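# Examination of the molecular architecture
Below are the chains, spelled out letter by letter.
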Amino acid sequence: MRAIYKRELKSYFYSMTGYVFIAFVTMFIGIYFMATNMLGGYPYFSYTLGAILIILLIAIPVLTMKSMSEEHHSRTDQLLLTSPVSLWSVVMGKYLSMVTVFAIPMAISCLCPLIIKASGTAYLAEDYGAILTFFLLGCVYIAIGLFISSLTESQLIAAAGTFGVLLLLTLWPNLISFIPTSARDSLIGLLLLLTLLAFVLYRLTGCAPLSFGLEAAGAAALAAVYFYKKSLLDRALTHLLGKIVLADVFNTVVNDHILDLGGLLYYVSAAFIMLFLTVQTIEKRRWS
């Protein structure tokens, strides 16, 4: 893994992608820091991070678009797939190299709370908690971009797909407000989600009895709940979909200045799930 990590990290700076990414993110941090904290007089650096969250929707796809798709396009992925290194080592080496590039502007941003402190009142614990949460959220976004890059050999499709998914996640809280909340609508929505999960499981494992057996068991359980205690399904779909709003944990830190340890664990878990899906996608391609 160390050799892959070093190779990938060097490639980001040989191709200028790393320099452009670091300069782009650092530039916007500096602009919003001057406007919000220095000129605006806000004592919390977390406000600046909240303002530049939208910048990640542009920066992260540029960083992740070539991570796996370039290997697939140039067919050098065959060397990785047949090497004695495990797929987890390959994926983690690539992932950690991108996390390292992202960590550089985050390390630079750690100076900003100290500048605020030197100028007046500052809340260092809250600000560094916000930086940590922002960094972990970015790590989740990178894991999503890595997974999407593993699905295609086109860097442009990978970048556009990652941008689309991150934009959808950003708009998700507003979108779920349009979803019907009745028990019947929740049942239909949950059955559709169950079918989608069964299809994804089938694509990853190739085991139809397992995938559709779980779908049948889940459908039977939902039907039983609907007929015996319908009230349990009221707003069930919106509550479930609301759990995947990634930015909520970070927004809690920005607005309430409270570090949510459970939320940080949620970010780590979400990144792990996306890395697991990436490994499964590559594993399936290895044997196809």
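Summarised in this report is the structure supplied together with it. (Residues numbered from 1 in each chain as written. Predicted model: local features only at pLDDT ≥ 70, side-chain atom pairs only at ≥ 80, totals over all residues. Heavy atoms only, no water.)

### Describing the nonpolar core
Put simply, the test is: Think of a nonpolar core as a cluster: buried Ala, Val, Leu, Ile, Met, Phe, Trp, Tyr and Cys residues, connected wherever their side-chain atoms sit within 4.5 Å. Buried, partly exposed and exposed residues are distinguished by accessible area as a fraction of the type maximum, computed with a 1.4 Å probe on protein chains only: under 20%, between the cut-offs, and over 50%, respectively. The way it works is that DSSP assigns letters per residue, a run of H or I at least four long becomes a helix, a run of E at least two long becomes a strand, and they are numbered from the N terminus.
Phe 21, Tyr 95, Phe 134, Ile 144 and Leu 246 are the most contacted members of the largest nonpolar core, which has 60 residues in total. Sorting elements by how many residues they give to this core places helix H9 (residues 124-149) first, with 14 residues. Core analysis: the second largest hydrophobic core is formed by twelve residues, Trp 172, Ala 183, Ala 236 and Val 245 among them.

### Notes on the packing of aromatic side chains
Condition: Stacked, tilted and edge-to-face pairs are distinguished by plane angle, under 30 degrees for stacked and over 60 for edge-to-face with tilted covering the rest, among Phe, Tyr and Trp rings (Trp via its six-membered ring) whose centres lie within 6.5 Å.
According to the stated counting rule, one finds 13 aromatic pairs in the structure shown. Between Tyr 44 and Tyr 123, the ring centres sit 4.4 Å apart and the planes meet at 10°, which makes this aromatic pair stacked. Of this pair, Tyr 44 sits in the loop between helix H2 (17-39) and helix H3 (46-51) while Tyr 123 sits in the loop between helix H8 (111-119) and H9, placing them 79 residues apart in sequence. For Tyr 44, a relative accessible area of 15% corresponds to the buried category. Among the residues examined, Tyr 123 registers a relative accessible area of 31% and is labelled partly exposed.

### Description of the environment of Leu 259
Quick reminder of the rule: We call two residues in contact whenever any of their non-hydrogen atoms come within 4.5 Å of each other.
Structurally, Leu 259 is set in the loop between helix H14 (247-256) and helix H15 (261-287). C-alpha separation for the pair Leu 259 and Ala 107, spaced 152 residues apart in sequence, amounts to 19 Å. With sequence-adjacent residues up to four places away left out, Leu 259 is seen in contact with Gly 129, Thr 133, Val 253 and Leu 264.

### Considerations on a nonpolar patch on the surface
This is how it is decided: Two joining distances apply to patches: 9 Å for like charges and 5 Å for nonpolar side chains (Val, Leu, Ile, Met, Phe, Trp, Tyr), and every residue must have over 30% relative accessible area and no salt bridge. The method behind every accessible area is Shrake-Rupley, applied with a 1.4 Å probe, and residues are considered shielded solely by the protein chains displayed. Take a side-chain nitrogen of Lys or Arg and a carboxyl oxygen of Asp or Glu: if they are within 4 Å of each other, that pair is a salt bridge.
Residues Ile 104, Ile 108, Leu 111, Leu 114 and Ile 115 make up a contiguous nonpolar surface patch of roughly 400 Å² in combined accessible area. Element by element, the count of residues in the nonpolar patch is highest for H8, at three residues. Along the chain, the position of Leu 111 falls in helix H8. Leu 111 sits in the exposed class, given a relative accessible area of 51%.

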